[in-house]
Structure formats: C-alpha cells, structure tokens
Amino acid sequence: MSRAILQVMIRGRVQGVGYRAWVEYQATASGLEGWVRNRRDGSVEALFAGAPKHVADMVALCRHGPPSSRVDSVTSETASVDELNLRRAGEAFSVLPTV
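Quick caveat, the model's predicted, so the values are computed rather than measured.

## Let's talk about the UniProt feature "active site" (unreviewed entry) in the protein
Here is step 1: Mapped onto the present numbering, the UniProt feature "active site" (unreviewed entry) falls at Arg20 and Asn38. Spatial clustering of the annotated residues is evident: they stretch over 19 residues in sequence, but the largest pairwise C-alpha distance comes to 7.5 Å.
Here is step 2: By the secondary structure assignment, Arg20 is in helix α1 (residues 19-29).
Here is step 3: Apart from the residues lying within four places of it in its own chain, the contact partners of Arg20 are Val36, Arg37, Asn38, Val44, Val95, Leu96 and Thr98.
Here is step 4: With respect to the element layout, Asn38 can be found in strand β2 (residues 33-38).
Here is step 5: Overall, the relative accessible area of 10% leaves Asn38 in the buried class.
Here is step 6: In contact with Asn38, not counting residues within four places along its chain, are Gln15, Arg20, Ser43, Val44, Pro97, Thr98 and Val99.

## Examining the nonpolar core
Here is step 1: By size, the foremost hydrophobic cluster in this structure holds 22 residues, and its most contacted members are Val8, Ile10, Tyr19, Val23, Phe48, Met58 and Cys62.
Here is step 2: When contributions to this core are tallied by element, the ones reaching two or more residues are β1 (4-13), α1, β3 (44-50), α2 (52-62) and β4 (70-78).
Here is step 3: Core analysis: the next-biggest nonpolar cluster, separate from the first, contains seven residues, Ile5, Trp35, Ala79 and Leu84 among them.

## Some points on α2
Here is step 1: Among the residues of α2, those classed as buried are Val55, Met58, Val59 and Cys62. Projected onto a plane normal to the axis of α2, the buried residues spread over an arc of 100° and lie on a single side.
Here is step 2: Taken together, the buried residues of α2 touch β1, α1, β3 and β4.

## What about the packing of α1 against α2?
Here is step 1: Two numbers describe how α1 lies on α2: the axes approach to 11 Å, and their chain directions differ by 155°. In terms of orientation, α1 lies roughly antiparallel with respect to α2. The chirality of how α1 crosses α2 is right-handed. On α2, the residues that touch Tyr19, Trp22, Val23, Gln26 and Ala27 of α1 are Met58, Leu61 and Cys62.

Rules of the game
- Residues numbered from 1 in each chain as written.
- Predicted model: local features only at pLDDT ≥ 70, side-chain atom pairs only at ≥ 80, totals over all residues.
- Heavy atoms only, no water.
- UniProt positions renumbered as here; feature names shortened; annotations may be inferred.
- Helix = DSSP H or I, 4+ residues; strand = E, 2+ residues; numbered from the N terminus.
- Contact = heavy atoms within 4.5 Å.
- Buried < 20%, exposed > 50% of the residue type's maximum accessible area, 1.4 Å probe, protein only.
- Core = buried A, V, L, I, M, F, W, Y, C linked by side-chain atoms within 4.5 Å.
- Arc of directions from axis to C-beta.
- Axes fitted to C-alpha atoms, helices over the stretch in contact; angles between N-to-C directions.
- Parallel < 35°, antiparallel > 145°, perpendicular 65-115°, else oblique.
- Left-handed = near helix turned anticlockwise from the far one by under 90°.

In structure tokens:
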C-alpha cells in the first residue's frame, strides 16, 4: 500500500478556536499519523501521513476547519518520513508546543 506524507500550513483565524484539537480528532478518526502545532505567526502547521486518499481528504477538511475558525489559505508540500520524528514517543498523532 502506498503512503503519502504532506506538511500543511493553515492561515487565517485558526488559533484560539480549537483548531489543533479539531485537527487531532479528524486525523485520528481517519487513521492518520503525524502532528499539529501552532506557530507564533498565528498559523497552524500540521503533518499528515497515511493512505494518499485519507491524506488528501484531511487537507480538504483543513480548508474548512471547525465552525469557529476562518481559514484564509492552506498550502501543502511533500515531506519526508523524518518529519514524523517530531511526534511524542508512543503517539500516532501528537499536538506539539507552539514554535
């Protein structure tokens, strides 16, 4: 089975509205691995790894976000498997501290 790994940057009103928790819930429900974190510039960054269709569906979900958010843009790029090492030990999907 093939595997896709995408690093995603979400901009808009996405901090303070439960966006990270929403991403974690959606990604876990889809069986994806990876992480999500806030960035000091107000954006949210995430990494999704898994079946290509599930990763693509997750990126599409990020374009809408939870009801209280306002997503202005979502950009993505292919990432390496090494990026998964940022996760906390023993977790398939982690919420990381702000960078």
